[in-house]
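# Structural overview
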Amino acid sequence: MQKITIAIDGYSSCGKSTLAKALAQRLNYSYIDTGAMYRAVTLYAIQHQLIEPKTHEINLSGLLEALVNIEVSFQFNTHSRSSETYLNGVNVEREIRTMQVSENVSKISSIKEVREKMVALQRKMGRSKGVVMDGRDIGTHVFPNAELKLFMTADTTVRAQRRLDELSSKGQYYTLEEVKQNLLSRDYEDSHRKENPLIQAKDAIVLDNTDISREEQLEFVLKLITDLQLTKDRNASMASK
Ligand code: DC
């Protein structure tokens, strides 16, 4: 079977990365978490005092100057069997998932130059296909010709509860309302920014996972991929005749 590009976009905390990881594992594809890349840049800005902690104001000229020094990469951890995010060679997988990063990442990811740098890297990482990439603009901007595009959504309270559980499992405690407000404000900022906002690609398949299990969701998408590849192979063989 020919390898394809799978683009998964959607709102915050609706299970994009869970699905993307499971798909990558089943298909033996690579998985790229593009949100992690924007989170890593945000972490850099926090560590280098380029964001005012209370007002969230960004030192834009400082950040633009520092962009050349920011290197984001992924490495596969054979113990956890998942890919982990590195910022300038340091594993930051844990640090990028804190609420402090979540509160600032939408602002950082709305900066044109930051997006240009990350998108160029994402295209490079996915150029040989066989990739599952999740984010906000993958099907609309990064890989507009992706063979499969999914747009994920779920009920806001369900999403907030999932996020709350994830944070508390890492020893970070918040109220459901605090987490919900963070999701809603990120969704708003991500959908209303000028640069590549979060919108549903016209040819994306909508997946609302409020009431379906992870397994059902995975089987549904695997079936879509099988159907798609059968059509692709059939068309290729007809074209060669
Ligand atoms: O997927 P996530 O919640 O880890 O992403 C963090 C933020 O990064 C999200 O609020 C918006 C931004 N983002 C983006 O602008 N474009 C992407 N392709 C991925 C994430």
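For the structure, check the block above.
The following refers to the structure shown. Remember, it's a predicted structure, so these values are computed and weren't measured experimentally. Think of each chain on its own: its residues are numbered from 1, step by step along the sequence as written. Note on the predicted model: pLDDT of at least 70 is required for a residue's local features to be given, and 80 or more for side-chain atom pairs to be given and counted; whole-chain, interface and lining totals, by contrast, use all residues. With hydrogens and water excluded, all non-hydrogen atoms of the structure serve as input to the side-chain values.

### Thoughts on the overall build of the chain
Defined as follows: Counting from the N terminus, the helices are the DSSP runs of H or I reaching at least four residues and the strands are the DSSP runs of E reaching at least two. Three labels apply to residues, based on accessible area from a 1.4 Å probe with only protein chains included: buried if under 20% of the type maximum, exposed if over 50%, partly exposed otherwise in between. By definition in these notes, contact holds between two residues if any of their heavy atoms fall within 4.5 Å. All accessible areas in this document rest on Shrake-Rupley with a 1.4 Å probe, and a residue is counted as covered only by the protein chains that are shown. Here Asp and Glu are counted as negative and Lys and Arg as positive; His is not counted, and neither are the chain ends. Charged side chains are reduced to one point each, which is NZ for Lys, CZ for Arg, CG for Asp and CD for Glu.
Secondary structure assignment for the chain yields nine helices and eight strands. C-alpha atoms of the chain, sized along the principal axes, occupy 65 × 40 × 40 Å. In the chain, which comprises 241 residues, the share counted as buried stands at 47%. Of the contacts formed within the chain by residues at least 6 apart in sequence, a portion of 73% connects residues at least 24 apart. Just so you have it, the chain exposes about 12500 Å², and 51% of that area is on carbon and sulfur atoms. Across the chain, the mean location of the 33 positive side-chain charges is 5 Å away from that of the 32 negative side-chain charges.

### Things to note about helix H4 (residues 99-109)
Counting along an α-helix, one turn takes 3.6 residues, and residues three or four places apart therefore face a common direction. With eight of 11 residues buried, H4 lies mostly within the body of the structure. Within H4, burial applies to Met 99, Val 101, Ser 102, Asn 104, Val 105, Ser 106, Ile 108 and Ser 109.

### Digging into the pairing of strand S6 (residues 131-135)
Just so we agree on the cut-off: Only when DSSP finds a minimum of two bridges between them are two strands counted as paired.
Most of S6 sits inside the fold, with five of its five residues counted as buried. Where strand S1 (residues 5-10) and S6 come together, five bridges link them in parallel fashion. Along S6, the bridge assignment pairs Ala 7 with Met 133.

### What to know about the site of the ligand
Filter applied, for reference: Nearness of a residue to a molecule or strand requires only that one of the residue's heavy atoms be within 4 Å of it. Polar contact criterion, stated in full: a pair of N or O atoms within 3.5 Å, where within protein one must be able to donate a hydrogen and the other to accept it, and residues adjacent in sequence count only if both atoms are side-chain atoms.
Taken together, 15 residues form the shell around the ligand, and within it Arg 39, Arg 115, Asp 137, Asp 190 and Arg 193 come nearest. Between an oxygen atom of the ligand and a side-chain N or O atom of Arg 39, the distance comes to 2.7 Å. At 2.8 Å, a side-chain N or O of Asp 137 approaches a nitrogen atom of the ligand. Surface burial for the ligand is 95%, taken as the share of its 440 Å² of free accessible area covered by protein chains. At the level of elements, helix H2 (34-47), H4 and helix H8 (176-192) are the ones that each hand at least two residues to the shell around the ligand. Looking at which element gives the most residues to the shell around the ligand, the answer is H2, with four residues.

### Some points on the pattern of salt bridges
Stated precisely, the cut-off is as follows: Criterion for a salt bridge: a side-chain nitrogen of Lys or Arg within 4 Å of a carboxyl oxygen of Asp or Glu.
Under the definition given, this model contains 15 salt bridges. Among the salt bridges present, the one from Arg 159 reaches Asp 187, with a minimum N-O distance of 2.9 Å. Here Asp 187 lies in helix H8 and Arg 159 lies in helix H7 (residues 156-169), a separation of 28 residues in the sequence. Across the pair, exposure class does not vary: Arg 159 and Asp 187 are buried alike.

### Focus: the packing of aromatic side chains
Inclusion rule: Here a Phe, Tyr or Trp ring, Trp counted by its six-membered ring, pairs with any other such ring whose centre lies within 6.5 Å, and the pair is stacked when the planes are under 30 degrees apart, edge-to-face when over 60, and tilted otherwise.
All told, the structure shown has one aromatic pair when counted by the stated rule. Judged by centre distance (5.7 Å) and plane angle (85 degrees), the ring pair of Tyr 11 and Phe 151 falls under edge-to-face. You can see Tyr 11 sitting in the loop between S1 and helix H1 (16-27) and its partner Phe 151 sitting in strand S7 (residues 148-153), a full 140 residues away along the chain. Taking relative accessible area as the criterion, Tyr 11 reaches 28% and is therefore assigned partly exposed. What makes Phe 151 buried here is its relative accessible area of 6%.

### Let's talk about the nonpolar core
Applied cut-off: Note on terminology: a nonpolar core comprises buried Ala, Val, Leu, Ile, Met, Phe, Trp, Tyr and Cys residues joined through side-chain atoms within 4.5 Å.
Val 41, Leu 63, Ile 70, Val 72, Ile 108, Val 114 and Met 118 are the most contacted members of the largest nonpolar core, which totals 36 residues. Elements with a contribution of two residues or more to this core: H2, helix H3 (60-66), strand S3 (72-77), H4, helix H5 (112-125), S6 and helix H6 (138-142). It is H2 that provides the largest number of residues to this core, a total of nine residues. When neighbours within four sequence positions are excluded, Val 114 is seen to be in contact with Tyr 38, Val 41, Leu 63, Leu 67 and Ile 108.

### Brief notes about the packing of H2 against H4
Inclusion rule: Lines are fitted to the C-alpha atoms to define the axes, a helix being fitted only along its stretch in contact, and any angle between axes, read from their N-to-C directions, falls within 0 to 180 degrees. In these notes the angle categories are as follows: under 35 degrees is roughly parallel, over 145 is roughly antiparallel, 65 to 115 is roughly perpendicular, and the rest is oblique. We call Asp, Glu, Lys and Arg charged. Ala, Val, Leu, Ile, Met, Phe, Trp, Tyr, Cys and Pro are nonpolar, and the rest, Gly among them, are polar.
One way to put it is that H2 packs onto H4 with a least axis distance of 8 Å and a crossing angle of 105 degrees. Between H2 and H4, the crossing angle belongs to the class labelled roughly perpendicular. Every residue of H4 that contacts H2 at Tyr 38, Arg 39, Val 41, Thr 42, Leu 43, Ala 45 and Ile 46 is listed here: Gln 100, Val 101, Ser 102, Asn 104, Val 105, Ile 108 and Ser 109. Looking at the contact of H2 with H4 residue by residue, the classes come out as eight nonpolar, five polar and one charged.

Taken by themselves, the reported measurements are silent on function.
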